[in-house]
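A structural walkthrough
The lines below spell out each chain.
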Amino acid sequence: MKIIDDLFSNLTDYNENLERVEIEGRKYRTKTDFNPSTIIGQAFGADYDKNSYNQILAESVIDARKYFGNDLAVIVQSEIGKCLNEYGEFRYHSIGEVYENDENSTIVSKIDSQGVLLQAKEVLKKRNLDKEKVIYIAHPAHIYRVMKIGEKIGFNGAPFIPEIVCWPSEDLQPWVRSPYLWVPREIATRVHHKIKGIM
């Protein structure tokens, strides 16, 4: 039943039929026959230091460009953008209203998954890029929802998922610290999104 799949499939990893690719020792799962025009990267958590999952996602963006073509447009959430800067990569469009967290002066974006994709759609439209050819980069536990929201918005895309499934245990956002904290929130989010027609 589709609604059950939408609510309970791929909660901590994405298990659809994808091929494995390896780039400089890092392993990913993707559709190898896909010809994208754009990479869209969704952050996982608020941190962007060397121990954050957003570092892995930034590496994934760089590797996806190496695999699919260096001329791909890149649209990422601001936490991934900060990590890309550390790799000397500045060819991207950053999405997310940034604010300074008073507790520790960390700059984080204040936007949800749907907001990132809606803004990405506007960027694609302005640049005349094909929304039918999008590569999604996100944490394996997050990618299913990202892709479902993308479908609802009108994207046709494929994932480029790092095989590393880890949880940033000290992240500012507690729900990304472990699968035990992620799954209840993810199910509640999916229920909300189904009711509101977001996915």
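The text that follows walks through the structure, step by step, so that each part is easy to find. (Residues numbered from 1 in each chain as written. Predicted model: local features only at pLDDT ≥ 70, side-chain atom pairs only at ≥ 80, totals over all residues. Heavy atoms only, no water.)

Most of strand E9 (residues 157-162) sits out of view: six of its six residues are buried. Residue alternation in E9 divides its side chains into two sets, Gly157, Pro159 and Ile161 and Ala158, Phe160 and Pro162, and both sets are buried. Bridge count between strand E2 (residues 26-30) and E9: three bridges; the pairing is antiparallel. If you follow tyrosine 28 over to E9, its bridge partner there is proline 162. Here strand E8 (residues 134-137) runs beside E9; their pairing, made up of three bridges, is parallel. Looking at E9, one finds that isoleucine 135 is bridged to alanine 158. (Buried < 20%, exposed > 50% of the residue type's maximum accessible area, 1.4 Å probe, protein only. Helix = DSSP H or I, 4+ residues; strand = E, 2+ residues; numbered from the N terminus. Pairing = 2+ DSSP bridges.)

Those residues of helix H3 (residues 78-86) not exposed but buried are Ser78, Glu79, Ile80, Gly81, Cys83 and Leu84. Note on H3: the residue one or two positions beyond its end, glycine 88, has a positive phi of about 75°.

Turning next to the sheet that holds E9. One open sheet holds the seven strands; their spatial order is E1-E2-E9-E8-E3-E4-E5, and the pairing between them is mixed. Both edges of this open sheet fall to strand E1 (19-23) and strand E5 (93-95), since each of them pairs with a single strand only. With strand direction ignored, the average angle separating the axes of adjacent strands in the sheet is 25°. Where strand E4 (residues 73-77) meets E5, three bridges bridge the pair, whose relative direction is parallel. In the strand pairing of E5, glutamine 77 is matched with isoleucine 95. With respect to the sheet, helix H2 (residues 53-68) is in contact with E1, E2, strand E3 (38-41), E4, E8 and E9, its orientation differing from that of E9 by roughly 125°. Here H3 sits on the sheet and contacts E3, E4 and E5; the angle it forms with E4, its principal contact strand, is near 115°. (Axes fitted to C-alpha atoms, helices over the stretch in contact; angles between N-to-C directions. Contact = heavy atoms within 4.5 Å.)

This paragraph deals with the nonpolar core. Within soluble globular proteins, side chains that are nonpolar tend to cluster in buried spots. Ranked by size, the top nonpolar core spans 30 residues in total, and within it Ile39, Val61, Ile80, Ile135, Ile137 and Phe160 carry the most contacts. For this core, the secondary-structure elements that each account for two or more residues are E1, H2, E4, H3, E8 and E9. Ranked by the residues each element gives to this core, the list is headed by H2, at eight residues. Judged by nonpolar contacts, the second largest core, of 23 residues, contains Tyr14, Ile95, Leu117 and Ala138. (Core = buried A, V, L, I, M, F, W, Y, C linked by side-chain atoms within 4.5 Å.)

Such coordinate-based values are descriptive only and should not be taken to indicate function.
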